[in-house]
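Structural overview
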Amino acid sequence: MSRPLEFGRIRRSSQVSGLLALATLTLLAACRPAAEPPAPEARPVRVITVEKRAAGDTVMLTGTVQAQTQVNLSFRVDGRMIERRVNVGDTVKARQLVARLDPQNEESALQSARAQHAGARARHVEARNNYNRQKKLLAEGFISKAAFDQFTANLRSAESQEKSAQANVDLAQNRLGYTRLVADAGGAITAVGAEPGEVVAAGRMVVQVARAGGRDAVFNVPAQVKDSAEKNPEISVALTTDPRVSAKGRVREVSPRADPVTGTFQVRVGLIDPPAGLRLGSTVTGTMRMDTAAAIEIPGTALVRQGAQSAVWVVDPKTQTVSLRTIDVASHDAARVIVAGGLDSGDVVVTAGVQALHSGQKVRLLGAAK
């Protein structure tokens with residue numbers, strides 16, 4: 001009976017010893033100093049070192065080639081047009097007949113004016129003969145001075161009537177001549193405004209002539225571009241369908257009034273020795289470089305928003321940490337940002353990885369460029 005009791009004591013003693021050992025280990029673990037957390041890993045970012053440099057915009061506009069001088073030819077009298085000798089695309093020379101009106105009315109008016117002139121001239125001859133006879137009678141004392149004055153007045157009146165009749169003949173001749181429309185200078189027909197058989201009013205465009213000589217590239221330019229361009233910029237003009245066909249040009253004329261619909265201003269650029277490929281009516285692209293004052297330019301990927309303001313992440317070269325700095329933006333597009341204030345030359349700006357940063361974060365620079 002004594003052995004089971006002894007075995008039970010030994011078993012309880014072993015359990016107590018195990019508990020004591022476990023407590024000792026726990027106490028030792030609690031007294032051991034806690035392990036330090038691992039240092040945060042530096043985030044890799046791409047950066048650039050900014051500096052002020054002359055910034056500039058390349059402005060590209062689409063326009064058309066037109067003649068420097070383009071005129072509308074029209075009749076100076078009303079009438080029915082019986083002939084038009086040219087069509088769009090034809091070339092005309094100076095003094096070439098372009099169109100004719102029915103001259104019947106003007107020919108009749110000329111005949112009437114000539115008849116009136118003949119009658120006035122006959123009265124003038126009669127009045128002069130009477131004047132000469134009365135002058136002799138006055139010298140011989142057969143008539144009074146008052147009677148002679150009446151013949152003098154009749155002569156002056158007859159002279160005036162003949163001059164008036166001659167003026168009417170000249171006017172009728174001119175009107176007859178106006179029934180023939182001739183080109184005042186050589187050029188190409190670009191439009192027609194009346195067809196044979198129509199009754200056309202004086203001043204109505206019959207044909208439009210682009211005079212031979214200089215050619216312009218005509219553009220509709222926004223007000224901002226017009227106001228910020230330099231005084232006499234050189235513009236490159238190229239054929240839209242074939243940029244190899246190009247010419248240089250200078251601004252020749254700027255419209256003082258904006259288009260009421262588009263708000264743009266028409267600018268005519270005189271082409272310098274344009275090639276044959278820059279034909280009238282061709283669609284062209286004009287390119288102009290607009291230089292501005294020195295400014296800092298950064299990629300568009302560097303820009304972040306801080307509330308309602310624009311900002312960039314700037315790297316401290318000593319601590320290799322980043323901080324958010326607000327900037328003033330002069331202009332921007334998808335590719336670049338022109339900074340008006342907030343950055344200085346030599347600042348290191350993050351250009352890639354900006355969305356995953358926070359203030360004071362340590363970074364590892366993948367690339368820096370000036």
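The structure this text deals with has already been given above.
What comes next is a walk through the structure. (Residues numbered from 1 in each chain as written. Predicted model: local features only at pLDDT ≥ 70, side-chain atom pairs only at ≥ 80, totals over all residues. Heavy atoms only, no water.)

Glancing now at the overall build of the protein chain. Regarding its fold elements, the protein chain presents 4 helices and 21 strands. Buried residues in the protein chain amount to 31% of all 370 residues. Partitioning the contacts of the protein chain with sequence separation of at least 6, the portion at a separation of at least 24 is 72%. Summed over its atoms, the accessible surface of the protein chain is roughly 23,200 Å², and 52% of this surface lies on carbon and sulfur atoms. (Helix = DSSP H or I, 4+ residues; strand = E, 2+ residues; numbered from the N terminus. Buried < 20%, exposed > 50% of the residue type's maximum accessible area, 1.4 Å probe, protein only. Contact = heavy atoms within 4.5 Å. Areas by Shrake-Rupley, 256 points an atom, 1.4 Å probe, with all protein chains shown as cover.)

The phi dihedral of arginine 95 is positive, around 70 degrees, even though this residue is not glycine. With respect to the helices and strands, arginine 95 occurs in the loop between strand S5 (91-92) and strand S6 (97-101). Residue classification places arginine 95 among the exposed positions, given a relative accessible area of 63%.

It is worth spelling out the nonpolar core at this point. Grouped together as the largest cluster of nonpolar side chains are 18 residues, with contacts concentrated most on Leu73, Phe75, Val98 and Val207. Going through the elements one at a time, strand S3 (70-74), S6 and strand S10 (205-211) are the ones with two or more residues in this core. Grouped together as the second largest cluster of nonpolar side chains are 17 residues, Phe219, Ile235, Val267 and Leu278 included. (Core = buried A, V, L, I, M, F, W, Y, C linked by side-chain atoms within 4.5 Å.)

Attention now goes to helix H2 (residues 104-140). The α-helix advances 3.6 residues per turn, and as a result positions three or four apart in sequence lie on the same side. The terminal C-alpha atoms of H2, which comprises 37 residues, lie 55 Å apart, in line with the 54 Å expected from a rise of 1.5 Å per residue. Those residues of H2 not exposed but buried are Glu106, Leu110, Ala113, His117, Ala120, His124, Ala127, Tyr131 and Gln134. Close packing links the buried residues of H2 with helix H3 (145-177). After H2 finishes, the residue glycine 141 shows a positive phi value of roughly 85 degrees. (Expected span 1.5 Å × (residues − 1).)

Going through the model one piece at a time under the given rule, you end up with 15 salt bridges. With a closest N to O distance of 2.7 Å, lysine 145 and aspartate 149 form a salt bridge. With lysine 145 and aspartate 149 both in helix H3, this residue pair falls 4 residues apart, about one helical turn. Residue classification places aspartate 149 among the partly exposed positions, given a relative accessible area of 36%. Salt bridges here are not isolated pairs; linked through shared partners, they connect Glu83, Arg85 and Arg100. (Salt bridge = Lys/Arg side-chain N within 4 Å of Asp/Glu carboxyl O.)

Spatial ordering of the open sheet is given by S7-S6-S4-S9, a layout of 4 strands whose pairing is antiparallel. At either margin of the open sheet sits one strand with a lone partner, and together these are strand S7 (180-182) and strand S9 (199-200). Bridge analysis of strand S4 (residues 79-84) against S9 gives 2 bridges, and the strand direction is antiparallel. Within S9, the residue paired with arginine 80 across the bridge is valine 199. (Pairing = 2+ DSSP bridges.)

A separate point is H3. Taking 1.5 Å per residue, 33 residues should reach 48 Å; H3 reaches 48 Å between its end C-alpha atoms and fits that length. Regarding H3, the residues found buried are Phe148, Thr152, Leu155, Ala158, Glu159, Glu162, Ala165, Val169 and Ala172. Contact partners of the buried residues in H3: H2.

Turning next to the packing of aromatic side chains. Evaluated as defined, the whole model comprises 1 aromatic pair. Between the aromatic rings of tyrosine 131 and phenylalanine 148, the centroid separation amounts to 5.3 Å while the plane-to-plane angle is 35 degrees, which identifies the pairing as tilted. Note that tyrosine 131 is positioned in helix H2 and phenylalanine 148 in helix H3, a separation of 17 residues in sequence. Across the pair, phenylalanine 148 and tyrosine 131 agree in class, each one buried. Sitting above the plane of the phenylalanine 265 ring, lysine 226 keeps its charged end 4.6 Å from the centroid. (Phe/Tyr/Trp six-rings, centres within 6.5 Å; stacked < 30°, edge-to-face > 60°. Lys NZ or Arg CZ within 6 Å of the ring centre and 35° of its normal.)

Keep in mind these numbers describe shape, not what the thing actually does.
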